[in-house]
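# Reading the structure
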Amino acid sequence: MKSRRDSAQPENIEPYNTENFPAINLKRIDDDCVQFEEEWQAGSKPYLKDYLTGFDGGLRSALLVELLLLDIEYRMRAGQWPDPSDYETRFPGDTPAIESAFNSAVDDSRRRTNGT
């Protein structure tokens, strides 16, 4: 779920809650996530920062969380264990989004391990 900020985006939306984002914003987030994932699947390692251009506010945070989830997953498939500090160095103002993505990734991993 990715989306670029537009004039229809209210300022008071929670940063990672995409339920209230306009459909056009969600489509943009989805499109960027699909492209990001396709790059991973093609054998290249896409740059997160390239996908954040033109996004700001809650939409940027929501997009970053979604991209981080994909990045974490593909890095783990490649035998890496990403660390939040790797991302905090590159995105120093986005610690809450990074923490959210890592918490979600850990929760997903636990669900898969427990079969729920």
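Okay, so let's go over this structure. What you see is a predicted model; the values in this text were computed from it and never measured.

### Structural notes on the side chain of Arg75
With respect to the element layout, Arg75 can be found in helix α3 (residues 57–77). On the basis of relative accessible area, Arg75 is assigned to the buried category, the value being 9%. Those residues in contact with Arg75 that sit more than four places away from it in its chain are Trp40, Lys45, Gln80, Pro82, Asp86 and Tyr87.

### So, α3
Under the 1.5 Å per step criterion, the end-to-end length of α3 is 30 Å for 21 residues, consistent within 8% with the ideal 30 Å. Of the residues flanking the end of α3, it is Gly79, one or two places downstream, whose phi is positive at about 85 degrees.

### A few points about the pattern of salt bridges
Across all of its chains, the model carries five salt bridges by this definition. A salt bridge links Glu73 to Arg77; the nearest nitrogen and oxygen atoms lie 2.3 Å apart. Linking Glu73 with Arg77, this pair stays in helix α3, spanning four residues, or about one helical turn. Residue classification places Glu73 among the partly exposed positions, given a relative accessible area of 29%. Of the charged contacts, one joins Arg75 and Asp86 as a salt bridge, the two residues approaching to 3.7 Å between their closest N and O atoms. Of this pair, Arg75 sits in helix α3 while Asp86 sits in helix α4 (residues 84–90), and the two are eleven residues apart along the sequence. The exposure class of Asp86 is partly exposed, given its relative accessible area of 34%. Residues joined in a network through salt bridges with shared partners are Asp71, Arg75 and Asp86.

The rules behind the values
- Residues numbered from 1 in each chain as written.
- Predicted model: local features only at pLDDT ≥ 70, side-chain atom pairs only at ≥ 80, totals over all residues.
- Heavy atoms only, no water.
- Helix = DSSP H or I, 4+ residues; strand = E, 2+ residues; numbered from the N terminus.
- Buried < 20%, exposed > 50% of the residue type's maximum accessible area, 1.4 Å probe, protein only.
- Contact = heavy atoms within 4.5 Å.
- Expected span 1.5 Å × (residues − 1).
- Salt bridge = Lys/Arg side-chain N within 4 Å of Asp/Glu carboxyl O.

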